[in-house]
Protein chains: 2
Amino acid sequence: MSIDDVLARIDDDLPAATDRLLDLLRIPSISTDPAYKEDCDRAADWLVADLQSFGIEASKRATPGHPMVVGHVGDPGKGPHLLFYGHYDVQPVDPLNLWDRDPFDPQVQDTPAGKVIRGRGAADDKGQLMTFIEALRAWKEVKGDWPCRITFFLEGEEESGSPSLVPFMRDNADELKTDLALICDTGLFESRTPAIVTMLRGLLGEELTITGPDKDLHSGMYGGLSMNPIRVLSRIIASLHDDQARITVPGFYDGVPELSEELEAQWQGLAFDHDKFLSDVGLSTPAGEQDRTPLEMLWSRPTCEVNGIWGGYTGEGFKTVLPAQAHAKISFRLVGTQDPQAIRQSFRTMVQEMLPPDCEVSFSDHGASPASGVSVEDPKFEQARAALSAEWGIPAAYVGCGGSIPIGGYFQDILGTTPMLIGFGKDDDAIHSPNEKYDLESFHKGIRSWARILEALT
Amino acid sequence: MSIDDVLARIDDDLPAATDRLLDLLRIPSISTDPAYKEDCDRAADWLVADLQSFGIEASKRATPGHPMVVGHVGDPGKGPHLLFYGHYDVQPVDPLNLWDRDPFDPQVQDTPAGKVIRGRGAADDKGQLMTFIEALRAWKEVKGDWPCRITFFLEGEEESGSPSLVPFMRDNADELKTDLALICDTGLFESRTPAIVTMLRGLLGEELTITGPDKDLHSGMYGGLSMNPIRVLSRIIASLHDDQARITVPGFYDGVPELSEELEAQWQGLAFDHDKFLSDVGLSTPAGEQDRTPLEMLWSRPTCEVNGIWGGYTGEGFKTVLPAQAHAKISFRLVGTQDPQAIRQSFRTMVQEMLPPDCEVSFSDHGASPASGVSVEDPKFEQARAALSAEWGIPAAYVGCGGSIPIGGYFQDILGTTPMLIGFGKDDDAIHSPNEKYDLESFHKGIRSWARILEALT
């Protein structure tokens with residue numbers, strides 16, 4: 001039986017594969033919110049049962065947080081040992097009122113641009129991880145055997161900083177060390193060009209709380225005499241960027257490399273349409289460092305964003321409170337060899353030094369991972385690129401990625417395993433936002449892509 | 001029967017008077033939150049019934065918002081026509097977790113500083129309005145008659161900007177126009193000295209929403225390229241004060257008067273202990289304009305405070321969202337002849353001019369009232385001051401007030417009635433905050449004060 005038979009089987013099985021994905025999407029596995037702990041566990045159980053149903057030796061593995069799902073199959077002596085990574089946890093769903101339907105009642109919908117699978121996690125990452133599971137199911141059904149030793153490694157804490165991941169990798173290094181880690185959590189370039197991500201930004205998460213008075217005060221009684229922590233927090237946030245949109249944390253740009261001429265030329269060749277990228281979300285003007293191109297802002301330059309802010313009265317109507325505290329969640333995207341811990345310390349010192357009398361600050365650490373880059377010298381990269389090009393009818397590209405998928409760096413640093421990041425998301429998938437979707441085309445051609453890649457690598 | 005008999009009756013009836021106040025405090029009449037509409041109505045009904053129970057012709061009067069309670073009694077031809085004003089609505093109770101008990105399950109508690117009545121509204125303003133109701137109840141019981149024509153005017157929207165007040169005063173001007181309006185919603189000076197407030201700050205409330213992208217974005221995908229509305233809002237808030245803590249809205253200080261030498265001398269004489277005032281709430285350093293005294297910051301200088309801010313992800317854990325919107329509630333305290341509408345317009349223009357490309361702002365109006373001042377030439381002021389001095393054993397003072405009680409100005413401007421603001425709150429009453437209380441001493445001596453003032457004025 002040839003690869004064409006596997007692809008035909010994938011085509012025939014698409015309705016059943018879609019139903020399986022909808023089943024998984026119905027489980028509200030929001031990892032960051034303790035209220036959904038049992039649902040995360042349920043999602044892991046679902047995956048174990050599904051992997052076992054076509055012959056994978058899979059099991060749920062406890063961690064101090066949400067469980068890992070690990071499975072193995074195939075002859076250890078035959079071909080390369082490949083690992084597939086994805087995550088079964090999803091982002092929170094608020095603001096819920098902006099969803100057109102229940103985020104956990106997924107549906108295949110007809111849209112002017114084609115069929116989409118709508119629901120939280122459809123694209124990030126349940127739909128994507130099911131592409132490789134479905135590809136291997138079809139392969140086994142058609143060929144009756146496995147092309148090589150294969151390991152599945154599915155995590156449930158990716159959206160909440162992966163606190164258990166590194167310890168688990170260390171404790172199970174012999175089991176997880178493979179020849180190549182195939183990671184499915186990225187997208188097509190410009191929603192069209194198949195892509196292998198070889199440059200990933202790191203992420204540093206900080207939460208800070210400014211405390212002024214020791215209780216909420218009446219702004220009429222104390223206003224003007226007492227320091228308002230919202231005013232202090234706003235000054236701090238306003239000072240994090242200068243008027244050229246450069247980040248002002250001392251030492252922040254240490255380790256930020258300039259692009260090689262080669263990569264600069266390749267990115268020019270991609271003819272990135274930043275006008276369309278921005279206008280898709282109602283914007284028109286690149287807001288990053290004024291002397292950088294839009295693709296650099298996204299892929300190769302570090303950033304600082306405020307992801308959340310709150311303090312005082314935020315309900316209906318008006319309350320003239322002078323609050324005791326104000327809070328913000330701030331993240332930094334890192335590139336090159338920027339040192340997350342050094343930047344965290346420099347940021348905290350900078351904030352401390354900006355505090356006026358009577359104000360205190362406390363910090364919580366929301367994780368830190370350095371940026372990572374992958375060399376494409378291993379011939380498996382060109383083999384995979386050729387397989388992708390064949391499936392999509394467009395030459396696949398090596399690209400950067402604005403998001404932070406620290407898993408790539410962990411495979412390299414902890415296990416010595418080369419990571420290869422391939423995914424099928426589109427720019428309008430609304431991941432982390434209301435009305436998340438995954439195109440049925442992404443799902444279908446994603447499954448087919450993995451079958452071709454498996455054929456090419458073995 | 002003499003005034004001493006009335007005072008003795010007040011002393012004897014204190015337990016029953018306290019029980020009546022606890023009854024009223026059990027009604028959660030939060031005016032700003034539509035969920036408590038029926039409770040506001042219930043509080044009005046309770047007051048009508050209580051006034052009727054000792055012979056006042058009282059009724060509930062509908063408005064487009066919460067109802068007014070109006071009552072009349074006494075011979076129109078006899079002595080001055082006095083009006084008593086208070087408000088039966090209360091502030092929201094969040095953050096609820098900082099309360100030691102249910103805010104609407106009030107209790108008399110023993111504390112090292114004496115007995116206190118604990119519960120939302122105990123001091124602001126249910127406990128205060130019951131001081132004059134109880135004084136008149138005792139007067140009637142002892143004397144069997146009324147000293148003059150008396151009107152009660154109790155409002156249910158004071159904590160939500162009093163939207164129905166001015167129209168109601170205009171529509172019922174003949175009924176509400178009196179010789180003197182006695183307003184009980186203020187405090188003792190430094191929790192000790194009985195005071196008549198003759199200078200009140202005005203209040204301007206604004207809510208603004210900054211919109212950047214047209215949906216929440218993934219900060220990894222868009223961060224660095226897309227403008228973040230929290231960053232924009234923080235820059236705007238940070239720019240509202242200069243480094244001397246002066247407010248930067250153009251034209252803001254137009255109409256802000258300097259203190260007269262006479263008032264400056266009188267305020268120096270009060271020997272305000274701002275160290276203690278601040279240390280009571282965990283602070284040490286006056287945060288207002290650097291060239292002003294603490295009492296000026298509180299009573300005679302305008303302010304700008306952020307009362308609430310929110311945007312992005314504010315729940316447990318971390319979410320790398322780049323939000324579409326950020327919001328703030330901002331209030332200005334006004335003095336002298338500052339024009340609230342001119343300042344609102346100038347503020348909005350300033351914000352508009354600070355917006356970067358791709359950002360929009362929308363505003364909501366949360367009310368505006370100018371500052372007000374009262375002349376003390378009417379001999380009733382000295383009569384009332386003498387009565388207060390007699391009750392408290394300390395010479396009563398004419399003072400300013402940091403808060404905004406626009407009702408005083410409305411009586412002057414709409415009805416031509418002189419307002420006299422007398423109240424018995426203490427600095428540690430925690431009004432608008434968790435664990436609000438009213439000292440039993442404030443309640444008891446407050447009732448006795450009104451009996452003495454009634455005697456002095458008639």
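Note that this is a predicted model, so its numbers are computed, not measured. Here the residue numbering is sequential within each chain, running from 1 through the sequence in written order. All chains are assigned letters beginning with A, and all ligands numbers beginning with 1, in the order in which they are written. Given that this is a predicted model, residues contribute local features only at a pLDDT of at least 70 and side-chain atom pairs are listed and counted only at 80 or more, while totals for whole chains, interfaces and linings are drawn from all residues. Each side-chain value is worked out from all heavy atoms of the structure, with water and hydrogens disregarded.

Re the sheet that holds strand E9 (residues 202–211) of chain B
Test applied: Criterion used throughout: strands pair if DSSP finds at least two bridges between them. A run of H or I in DSSP becomes a helix once it reaches four residues, and a run of E becomes a strand once it reaches two; helices and strands are each numbered from the N terminus. Inter-axis angles, ranging from 0 to 180 degrees, are taken between N-to-C directions of lines fitted to C-alpha atoms, where helices are fitted over the stretch in contact. Whether two residues are in contact is decided by their heavy atoms, any of which lying within 4.5 Å being enough.
The 8 strands lie next to each other as E14(A)-E9(A)-E13(A)-E11(A)-E11(B)-E13(B)-E9(B)-E14(B), forming an open sheet whose pairing is antiparallel. At either end of the open sheet lies a strand with only one pairing partner, and these are strand E14 (360–369) of chain A together with strand E14 (360–369) of chain B. Put simply, the sheet's adjacent strands are angled 20° from each other on average, direction ignored. Judged from the 8 bridges that link them, strand E11 (residues 303–312) of chain B and strand E13 (residues 325–334) of chain B form a sheet pairing that is antiparallel. Each residue of the ladder has a partner; that of Gly311(B), found in E13(B), is Ala326(B). On the sheet, helix H11 (residues 340–354) of chain A packs against strand E9 (202–211), strand E13 (325–334) and E14 of chain A and is oriented at approximately 165° with respect to E14(A). Its contacts with the sheet place helix H11 (residues 340–354) of chain B against E9, E13 and E14 of chain B, and it is angled at close to 165° to E14(B).

Overview of the side chain of Glu391(A)
Residue and element names in this part refer to chain A. What counts is decided by this rule: In this scheme, a residue with accessible area under 20% of its type's maximum is buried, one over 50% is exposed, and one in between is partly exposed, where area comes from a 1.4 Å probe on protein chains only. By the criterion applied in these results, polar contacts are pairs of N or O atoms within 3.5 Å in which, for protein atoms, one can donate a hydrogen and the other can accept it, and in which residues neighboring in sequence qualify only through two side-chain atoms.
Relative to the helices and strands, glutamate 391 is located in helix H12 (residues 379–392). Taking relative accessible area as the criterion, glutamate 391 reaches 7% and is therefore assigned buried. Here the side chain of glutamate 391 touches arginine 448 through a polar contact of 2.9 Å, side chain to side chain. Setting aside its immediate chain neighbours within four residues, glutamate 391 contacts Lys445, Arg448, Ser449 and Arg452.

Notes on H12(A)
Residues and elements named next belong to chain A. Note the cut-off: Every helix has an expected span of 1.5 Å times one less than the residues it contains.
With 14 residues, H12 extends 20 Å between its outermost C-alpha atoms, agreeing within 8% with the 20 Å of an ideal straight helix rising 1.5 Å per residue. Of all the positions in H12, only Lys380, Phe381, Ala384, Ala387, Leu388, Ser389, Glu391 and Trp392 are classed as buried. Glycine 393 sits one or two positions beyond H12 and adopts a positive phi of about 70°.

Brief notes about the pairing of strand E6 (residues 150–155) of chain A
Residue and element names in this part refer to chain A. Buried residues dominate E6, accounting for 6 of its 6 residues. What you see with E6 is no split at all: Ile150, Phe152 and Leu154 on one side and Thr151, Phe153 and Glu155 on the other are buried throughout. In terms of strand pairing, strand E3 (residues 82–87) meets E6 through 6 bridges, oriented parallel. Opposite phenylalanine 84, over in E6, you have phenylalanine 152 as the bridge partner.

Concerning the pattern of salt bridges
Operational definition: Here, a salt bridge means any Lys or Arg side-chain nitrogen found within 4 Å of an Asp or Glu carboxyl oxygen.
Inspection of the entire model under this criterion finds 78 salt bridges over all chains. Across the pair Asp280(B) and Lys276(B) runs a salt bridge, and its minimum N-O distance is 3.0 Å. Judged by its relative accessible area of 35%, Asp280(B) falls in the partly exposed class. Given the relative accessible area of 47%, Lys276(B) is considered partly exposed. Salt bridges sharing common partners tie together Arg9(A), Asp13(A), Arg20(A), Asp50(A), Glu134(A), Arg137(A) and Glu141(A).

Here's the deal with the packing of helix H1 (residues 3–25) of chain B against helix H2 (residues 37–53) of chain B
All names here are of chain B. Note the threshold: When describing relative orientation, an angle under 35 degrees is termed roughly parallel and one over 145 degrees roughly antiparallel, while 65 to 115 degrees is termed roughly perpendicular and anything else oblique. The nonpolar class holds Ala, Val, Leu, Ile, Met, Phe, Trp, Tyr, Cys and Pro. Asp, Glu, Lys and Arg form the charged class, and all remaining residues, Gly among them, are polar.
It is at 10 Å that the axes of H1 and H2 come closest, and there the two elements cross at 155°. Regarding the angle of H1 to H2, the classification is roughly antiparallel. Judged by residue contacts, Arg20, Asp23 and Leu24 of H1 engage Ala43, Trp46, Leu47 and Asp50 from H2. For the contact of H1 with H2, a count of residues per class yields 4 nonpolar, no polar and 3 charged.

Overview of the packing of aromatic side chains
Residue and element names in this part refer to chain A. This is how it is decided: Only Phe, Tyr and Trp rings are paired, with Trp represented by its six-membered ring, and only when their centres lie within 6.5 Å; those with planes under 30 degrees apart are stacked, over 60 edge-to-face, the remainder tilted. Only when the NZ of Lys or the CZ of Arg is both within 6 Å of the ring centre and within 35 degrees of the ring normal is a charge said to sit over the ring.
The tally for this structure, following the rule as stated, stands at 42 aromatic pairs over all chains. Summarising the aromatic geometry, the rings of phenylalanine 252 and phenylalanine 332 are spaced 5.7 Å apart at their centres and angled 50° between planes, so their arrangement reads as tilted. Of this pair, phenylalanine 252 sits in the loop between helix H7 (229–238) and helix H8 (261–269) while phenylalanine 332 sits in strand E13, and the two are 80 residues apart along the sequence. Phenylalanine 332 matches phenylalanine 252 in its accessibility class, with the two residues each being buried. The lysine or arginine in question, lysine 143, covers the ring of tryptophan 139, its NZ or CZ lying 4.6 Å from the ring centre. Over the face of the ring belonging to tyrosine 253 we find arginine 246, whose NZ or CZ atom lies 4.2 Å from the ring centre.

Shape descriptors only; they carry no functional weight alone.
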